[in-house]
Amino acid sequence: MLRGSCNCGAVRFTVKDGGRSVTACHCGQCRKQSGHHWASGYAPDRNFHIEGDPRWYHTSPVAKRGFCGVCGCFLFWKAHAEDGMSFSLGAIDGPTGLRLQKHIFTAFKGDYYDIADNVPQRED
Ligand SMILES: [Zn+2]
Ligand SMILES: [Zn+2]
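None of these values were measured; they are calculated from a predicted model.

**Section: the coordination of the zinc ion (ligand 2)**
Now for step 1: Taken together, Cys25 (SG), Cys27 (SG) and Cys30 (SG) make up the protein donors of the zinc ion (ligand 2), found 2.1 to 2.3 Å from the metal.
Now for step 2: Each donor residue of the zinc ion (ligand 2) belongs to the same chain, and together they define the spacing C-x1-C-x2-C. Cys27 shares its class with Cys25; the two are buried.

Here is the structure:
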């Protein structure tokens, strides 16, 4: 079981059976919202539980982004068509036991850093 929270604790979440699809997203929206690339895990809805009342920003017709309305921490990304939730790995309290599996949207990464690990990369 993974447990996550925002900085102020108003929004908390739990992930049963850990997370999968561990990615670092370099797209412009993730970079704006997180301040850098966004590292996330993914869990099916049945394994994912939110406590508190995050605010949701509808980024596009296909997805929304969830954050704490008090402290502003970016926590969730949800595609309307998927029965699952992506969650911020940086918000996990304690060890995650996970490893990054891929970099995505690398074509949109910032020019101020290099991706210097051996994790597979996808441009889009
Ligand atoms: Zn908060
Ligand atoms: Zn992204």
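More follows now that the structure is in view.
**Considerations on the environment of Gln33**
Now for step 1: Mapped onto the fold, Gln33 is located in helix α1 (residues 28-34).
Now for step 2: Classification of Gln33 by relative accessible area gives partly exposed; the value is 26%.
Now for step 3: For the pair Gln33 and Asn7, spaced 26 residues apart in sequence, the C-alpha to C-alpha distance is 15 Å.

**Section: the pattern of salt bridges**
Now for step 1: Taken as a whole, this structure holds two salt bridges when the rule is applied.
Now for step 2: We note a salt bridge from Asp45 to Lys78, for which the minimum N-O separation is 3.0 Å. Of the two residues, Asp45 sits in the loop between β4 (38-44) and β5 (48-51) while Lys78 sits in strand β8 (residues 74-79), which places them 33 residues apart along the sequence.
Now for step 3: Its relative accessible area of 31% is what places Asp45 among the partly exposed residues.
Now for step 4: On the basis of relative accessibility, which here comes to 14%, the residue Lys78 falls in the buried class.

Parameters and conventions
- The residue numbers shown here count from 1 along each chain, following its written sequence.
- To read the labels, note that chains go from A and ligands from 1, taken in the order they are written.
- Confidence filtering applies because this is a predicted model: local features only for residues at pLDDT of at least 70, side-chain atom pairs given and counted only at 80 or more, and all residues used for totals across whole chains, interfaces and linings.
- Derived side-chain values reflect all non-hydrogen atoms in the structure, with water molecules and hydrogen atoms excluded from consideration.
- Atoms of type N, O and S within 2.8 Å of a metal are treated as its donors, and for Na, K and Ca the window is 3.2 Å; water is not considered, so some sites may appear to be missing partners.
- Whether a residue is buried, partly exposed or exposed follows from its accessible area with a 1.4 Å probe, protein chains only, as a fraction of its type maximum: under 20%, in between, or over 50%, in that order.
- Runs of E in the DSSP output that reach at least two residues are strands. Runs of H or I that reach at least four are helices, and both are numbered from the N terminus.
- Put simply, a salt bridge is a Lys or Arg side-chain nitrogen that is within 4 Å of an Asp or Glu carboxyl oxygen.

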